[in-house]
Each structure stands twice: as structure tokens, then as C-alpha cells.
Amino acid sequence: MLEPAEARQLLASIEPDTPIGLRDRARIGLMVFAFARVGAALAMRVEDVYTQHRWLWIRLQEKGGKAHAMPCHHSLEDYLHAYLG
């Protein structure tokens, strides 16, 4: 578990001017802000990010095949928009 300052430092260290940097920042942001497991973050598809009532939501596939949907943290929303373009 990362402390908030460590999470901010990690996310700030990722270069957002390359596609790989945008991808890494979105995936790490997903794990930090949504407490997603690595497997759930890697299994996400573009259609798992959607808008509902003007909010960006994410759908995570959890263990046992269960889907868990939740609204995005505003920072995660920025990271996902930058990556998905």
C-alpha cells in the first residue's frame, strides 16, 4: 500500500508525452484511485470506461467473474481521457 505522497510521486514520475507513459499513468492511477487489483486493471477494455449521468465510470472484472462498477476519481478521469484520447 502506498502512502498518498508516494502515490503522487509515482504518478508524477511518469512521462505523459508518450503513448506508453499515458498508458502506464492510466493503469497505475486506476490501481491507486480505484484500489483495483493488477489483474483487474490489465483486463480492462475500452468499453469498461463509460459515461453515466455526466460522470465517467469504470467497470472492473473481479475474481470469480464478478463485475464491479464505480464512478471515477477526478484525477483518474483525467488520466483515462488523456490515454483514450
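In short, a report on the structure. The residue numbering used here restarts from 1 in each chain and proceeds along that chain's sequence as written. Note on the predicted model: pLDDT of at least 70 is required for a residue's local features to be given, and 80 or more for side-chain atom pairs to be given and counted; whole-chain, interface and lining totals, by contrast, use all residues. With hydrogens and water excluded, all non-hydrogen atoms of the structure serve as input to the side-chain values.

## Regarding the pattern of salt bridges
Just so we agree on the cut-off: Basic side-chain nitrogens of Lys or Arg form a salt bridge, by our definition, when they fall within 4 Å of a carboxyl oxygen of Asp or Glu. Each residue is assigned to one of three classes by its accessible area relative to the maximum for its type, calculated with a 1.4 Å probe on protein chains only: buried under 20%, partly exposed between the two thresholds, exposed over 50%.
Applying the stated criterion across every chain yields a total of 5 salt bridges. For the salt bridge of Arg23 with Asp24, the shortest nitrogen-to-oxygen distance reads 2.8 Å. Residue Arg45 is joined to Glu47 by a salt bridge in which the shortest nitrogen-to-oxygen separation is 2.9 Å. Judged by relative accessible area, Arg45 falls into the partly exposed class, the value being 47%. Where salt bridges share partners, they join Arg45, Glu47, Asp48 and Arg59 into one cluster.

## Details of the nonpolar core
The condition is simple: Within this scheme, the nonpolar core is defined by two criteria: the residues are buried Ala, Val, Leu, Ile, Met, Phe, Trp, Tyr or Cys, and they are joined through side-chain atoms within 4.5 Å. Starting at the N terminus, helices and strands are each numbered in turn, a helix being any DSSP run of H or I of at least four residues and a strand any DSSP run of E of at least two.
Ranked by size, the top nonpolar core spans 15 residues in total, and within it Leu30, Ile58, Leu60, Leu76 and Leu80 carry the most contacts. A total of 3 residues in this core trace back to one element, the largest contributor, which is strand S2 (residues 55–61).

## Topic: the side chain of Asp48
Quick reminder of the rule: The contact criterion used throughout is that any non-hydrogen atoms of two residues lie within 4.5 Å.
Relative to the elements of secondary structure, Asp48 occurs in the loop between helix H3 (38–43) and strand S1 (49–52). Setting aside chain neighbours within four positions, we find Asp48 in contact with Ala43, Trp57, Ile58 and Arg59.

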